[in-house]
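A closer look at the structure
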Amino acid sequence: MEQLIATIEKGQPFFNAIARNKYLKAIRDGFISVIPIIIFSSIFCLVASVPNIWGFYWPDDINNALWKCYNYSMGILAIACAATTAKHFADAQNRDLPKNNQINFISCMCAAIIGFLLLSSDTIATDAASGFNTTYLGSKGLLTAFIAAFVTGIIYKFFIKRNITVKMPEQVPPNISQTFKDIIPFSVCITVFWVFDIVFRAAFGFCFAQGVIQVFQPLFTAADGYIGLAVIYGAMSLFWFVGVHGPSIVEPAIAAALVANMTDNLAAFQAGQHASAVLTQGAQYFVVCMGGTGATLVLVFMFCFLAKSQEMRAVGKAAIVPVCFAVNEPLLFAAPIVLNPVFFVPFVFAPIANIWILKIFIDFLGMNGFMYTLPWTVPGPIGTIMGLGFQPLAFVMLALILVVDFVLYYPFFRAYDAQKCAEEAEISQEELAAKNAEKAAKLNDAFQGKADAKSVAAGAAAEAVEAGAPAASAAPAAEATATSDLNGKRVLVLCQGGGTSGLLANALAKAAKERGINLETAAEAYGNHVDMLPDFDLVVLAPQAASYLADLQKDCERVGNKCVACRGKQYIELSQNGDKSLAFVAEQLSK
C-alpha cells in the first residue's frame with residue numbers, strides 16, 4: 001500500500017500543474033462566485049415546492065411570486081457566470097502582462113456577457129413586447145458562458161499585450177484614457193461573436209448554445225453512469241489523499257453538469273416525470289462528501305466513541321463538530337488521514353459506494369434525484385433529506401449509506417486503533433494523558449491537530465522553494481523577532497475554500513489581541529484574493545494551496561506586498577502557537 005501511495009505521489013507535480021491551469025481555475029473561481037445565486041434561488045424553490053409533498057399548494061399569486069424570484073436569479077445564472085469567469089480569467093492573463101499595461105476586467109466582463117447573449121439567445125418580438133429567449137441563459141448555457149469568457153480574455157490579451165489600442169494624449173485623465181483603450185478589443189470581441197453567430201445559425205439552424213449541449217450530452221450521460229461516477233469521485237478523493245486539492249481539478253470539468261442536471265431534475269419533477277439525474281451538486285455535497293471529502297462523517301464518530309486509543313478519542317472529540325458541518329481538515333490532518341496508508345481504501349472507495357447507492361435508489365427504486373441546493377456546510381444527513389425533497393426513500397437511503405460507510409471504514413479504523421494503542425503502551429500514562437490533553441486543547445483552539453510530516457501539499461511547497469520561491473520558516477530565531485512592528489499591519493491567509501485559512505487567521509488575531517497588538521487578519525479562498533491584495537501587507541498560503549505560490553507571487557509583485565507558503569506541519573504549529581505565529585509574520589514582513 002505504501003508503495004502504491006509513493007507511486008501516486010510521483011505524479012503530484014503533474015496534478016499540481018493541472019490544478020494551476022488558468023482555464024480550469026477561471027471556471028472554478030467563476031463558478032464559486034455565482035454559488036450564492038444558486039443557493040439563494042433554491043430557498044424560493046424549496047418554499048414553493050416542498051409543501052406540495054404533503055398536499056399543500058400555495059395560492060397562485062404567492063406561487064408565482066416565489067417562482068419569479070427563482071427564475072430571475074437561477075434563470076440568468078449563465079449570464080452571471082460568463083461575467084465572473086471572464087473576470088477571473090482576465091486576472092490570470094494579467095499575471096503575464098506588465099503591471100502598467102493590464103486588461104480592464106470590467107470591460108472584459110461586459111464583452112463576455114454580450115458575446116454570450118449573441119451565442120445563446122434569440123430575439124423574441126411581438127406586437128406587445130420584445131425580449132430575449134431565456135432557454136439557455138440559465139444552467140443550460142454554462143458551457144457557452146465559459147467559452148465566451150475565454151474567447152473574450154484571449155482577444156483582450158492579444159490587443160493589450162501588443163498595445164493595439166486607441167492612445168490618448170498624456171493630458172487626458174487616466175479613467176478617460178482607459179475607456180478609449182478598451183474600444184478596439186471590445187469592438188473586436190463583439191464583432192467576432194456576432195459574425196460567428198450569424199455563420200453558425202446559417203449552417204445549423206440553431207444557436208451555438210444548443211449545439212454545445214448536443215455535443216456534450218453524450219459525455220454528461222456517460223458521467224452519470226456507474227463508471228463515470230466512480231472515476232469522478234474516486235479521482236477527487238485520490239487527489240486529496242496524496243496532497244492535491246481534488247475539487248480544484250475535478251469540479252471545473254463537471255461544474256456545468258452539476259447545476260444543469262439539478263435544474264433538469266426539478267423541471268422533470270414539476271412535470272410529473274422521474275427526476276433521474278444522479279450527478280448533481282446536492283449529491284456531491286451531501287452524499288459523496290458526507291462529513292467532507294472521503295465521506296468521513298461516520299469515521300469521526302468512531303474516533304470519538306469507539307476508539308480505545310486515547311489520542312484518537314481526543315482527536316475525535318475535537319473534530320466531531322467541524323466534521324458534522326463538512327469541514328474535515330481537523331480530522332484529515334490530526335489523525336492523520338491524508339497520506340496514511342491505513343485509510344487509503346475507505347477514503348477513496350466510500351464516496352464511490354455512496355454515489356452508487358444513490359444511483360441504485362434512483363434507477364431501480366424510482367426515487368427522484370436531487371432537486372434543491374443548500375449550502376455545502378449543512379450537515380450531510382440534513383442536506384440529503386432536504387435536497388431530495390423529504391421523500392420516504394431518502395430516509396432509507398441515508399440509513400443504508402451510513403451503514404455502508406461504517407462497514408467500509410471499521411476494519412481500517414480498528415487496525416489503526418490497535419496500532420495507536422501499541423504506541424501508547426510504550427509511554428507512561430501520565431505522559432500520555434498530558435500529551436492528549438495538550439493536543440485536544442490545541443485542536444479546540446484552532447480546529448487543527450498534529451499533522452504527519454508528509455502532510456498535505458508539502459511536496460508542492462518544497463518544489464516552490466526549490467524553484468526559487470521564498471522559503472517559509474518558523475525558526476527559533478524568528479520567535480525572538482520583535483512583534484511590536486506588527487501594529488497596523490494586515491495579514492491575509494488563503495486556502496482553497498476559505499475554511500482552513502481561518503485556522504491561522506483566527507490564531508493570529510487571538511494572539512495579537514492577547515498581547516495588545518493592532519494586527520488585522522482575514523481568511524479567504526484563493527481566487528477571490530486579487531482585488532483584496534492592495535489592502536494587505538502579507539499573504540500566507542495554507543498547505544493545500546501551496547501549489548499556487550508562483551502565481552500568487554506575480555499578483556503580489558504588482559501591488560508591492562509579500563507572500564509566503566506554509567508546509568503542512570509548519571502550518572499546524574503556527575495555528576497552535578500564538579508566539580510562533582506572530583514571530584513568523586514579523587519575520588516575513590522584515591525580509
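Relevant structure appears above.
Scope of this entry: the structure provided in the associated data block.

Here is what the cut-offs are and how they apply
Residues numbered from 1 in each chain as written. Predicted model: local features only at pLDDT ≥ 70, side-chain atom pairs only at ≥ 80, totals over all residues. Heavy atoms only, no water. Helix = DSSP H or I, 4+ residues; strand = E, 2+ residues; numbered from the N terminus. Buried < 20%, exposed > 50% of the residue type's maximum accessible area, 1.4 Å probe, protein only. Areas by Shrake-Rupley, 256 points an atom, 1.4 Å probe, with all protein chains shown as cover. Contact = heavy atoms within 4.5 Å. Axes fitted to C-alpha atoms, helices over the stretch in contact; angles between N-to-C directions. Parallel < 35°, antiparallel > 145°, perpendicular 65-115°, else oblique. Left-handed = near helix turned anticlockwise from the far one by under 90°. Nonpolar A, V, L, I, M, F, W, Y, C, P; charged D, E, K, R; others polar. Phe/Tyr/Trp six-rings, centres within 6.5 Å; stacked < 30°, edge-to-face > 60°. Lys NZ or Arg CZ within 6 Å of the ring centre and 35° of its normal. Pairing = 2+ DSSP bridges. Salt bridge = Lys/Arg side-chain N within 4 Å of Asp/Glu carboxyl O. Core = buried A, V, L, I, M, F, W, Y, C linked by side-chain atoms within 4.5 Å.

1. Here we look at the overall build of the protein
Helix and strand counts for the protein stand at 27 helices and six strands. A total of 591 residues make up the protein; the buried ones form 54% of that total. As presented, the protein carries roughly 24,500 Å² of accessible surface, and 63% of it is formed by carbon and sulfur atoms.

2. Considering the environment of Gln496
Within the secondary structure, Gln496 sits in the loop between strand 3 (490–495) and helix 24 (501–514). For Gln496, a relative accessible area of 3% corresponds to the buried category. In sequence terms Gln496 and Tyr526 are 30 residues apart; their C-alpha atoms lie 5.5 Å from each other. In this view, Gln496 contacts Arg28, His245, Ser248, Ala525, Tyr526, Gln544, Ala545 and Tyr548; residues no more than four positions away in its chain are not counted.

3. What to know about unusual backbone geometry
In terms of backbone geometry, most residues other than glycine have negative phi values and most peptide bonds are trans. Of note in this structure, Asn163 is not a glycine but carries a positive phi near 60°. We classify Asn163 as partly exposed; its relative accessible area is 38%. For Phe390, which is not glycine, the phi torsion reads 60° and is therefore positive. With respect to the helices, strands and loops of the structure, Phe390 is situated in the loop between helix 19 (380–387) and helix 20 (392–425).

4. Regarding the environment of Phe361
On the secondary structure map, Phe361 appears in helix 18 (residues 344–364). Ignoring anything within four residues of it in the chain, the contact list for Phe361 reads Gly366, Met367, Leu393, Val396, Met397 and Leu400.

5. Brief notes about the packing of helix 3 (residues 22–33) against helix 13 (residues 246–270)
How two helices pack is summed up by the angle between their axes together with the distance between the axes. As a packed pair, helix 3 and helix 13 sit with axes 9 Å apart at the nearest point and diverge in direction by 55°. Compared by their axis directions, helix 3 and helix 13 come out oblique. Here helix 3 runs over helix 13; the crossing is left-handed. Contact residues: helix 3 offers Leu24, Ile27, Arg28 and Phe31, while helix 13 offers Ser248, Pro252, Ala255 and Val259. Taken together, the residues of the contact of helix 3 with helix 13 sort by class into six nonpolar, one polar and one charged.

6. A few points about the packing of aromatic side chains
Under the counting rule described, the total for this entry stands at 24 aromatic pairs. Between Phe241 and Phe344 the ring centres are 5.3 Å apart and the planes differ by 75°, which places this aromatic pair in the edge-to-face class. Of this pair, Phe241 sits in helix 12 (residues 226–241) while Phe344 sits in helix 18; the two residues are 103 residues apart in sequence, bridging distant segments of the chain. Residue Phe344 is classed as buried on the basis of its relative accessible area, which comes to 8%. Ring centres of Tyr410 and Phe413 lie 6.2 Å apart, and the angle between their planes is 40°; on these two criteria the pair is classed as tilted. Pair noted here: Tyr410 and Phe413 are both in helix 20, with a separation of three residues, about one helical turn. The exposure class assigned to Tyr410 is partly exposed, which follows from its relative accessible area of 29%. Put simply, the rings of Phe303, Phe343, Phe406, Tyr410, Phe413 and Tyr416 touch in pairs and so form one group of aromatic residues. Sitting over the face of the ring of Tyr72, Lys68 holds its NZ or CZ atom 5.5 Å from the ring centroid.

7. Here's the deal with the sheet that holds strand 4 (residues 520–525)
Here we have four strands laid out as an open sheet, ordered 4-3-5-6, and parallel in their pairing. Taken across any chain shown, the strands that pair with only one partner, and hence form the sheet edges, are strand 4 and strand 6 (562–565). Averaged over all neighbouring strand pairs, the angle between strand axes comes to 20°, with direction disregarded. Examined bridge by bridge, strand 5 (residues 538–541) and strand 6 share four bridges and lie parallel to one another. Within strand 6, the residue paired with Leu541 across the bridge is Ala565.

8. Examining the pattern of salt bridges
Under the counting rule described, the total for this entry stands at 18 salt bridges. Of the charged contacts, one joins Lys87 and Asp531 as a salt bridge, the two residues approaching to 3.0 Å between their closest N and O atoms. You can see Lys87 sitting in helix 6 (residues 77–94) and its partner Asp531 sitting in the loop between strand 4 and strand 5, a full 444 residues away along the chain. Residue Lys87 is classed as buried on the basis of its relative accessible area of 10%. For Asp531, a relative accessible area of 47% puts it in the partly exposed group.

9. Here's the deal with the packing of helix 12 against helix 18
At a minimum axis separation of 9 Å, helix 12 and helix 18 run at an interaxial angle of 155°. Judged on the interaxial angle alone, helix 18 and helix 12 are roughly antiparallel. The way helix 12 lies across helix 18 gives a crossing that is right-handed. Packed against helix 12, whose contacting residues are Tyr226, Leu229, Ala230, Tyr233, Gly234, Ser237, Leu238, Trp240 and Phe241, the element helix 18 presents Phe344, Phe347, Val348, Pro351, Ile352, Ile355, Trp356, Lys359, Ile360, Asp363 and Phe364 at the interface. The residue inventory of the contact of helix 12 with helix 18, partitioned by class, reads 16 nonpolar, two polar and two charged.

10. Brief notes about the nonpolar core
Residues Leu142, Tyr233, Leu358 and Met397 are the most contacted members of the largest nonpolar core, which totals 98 residues. Sort the elements by how many residues they give to this core and helix 13 lands first, with ten residues. Setting aside residues no more than four positions away along its own chain, Leu358 makes contact with Val278, Ala283, Val287, Met367, Phe370 and Met397.

Keep in mind these values describe shape, not function.
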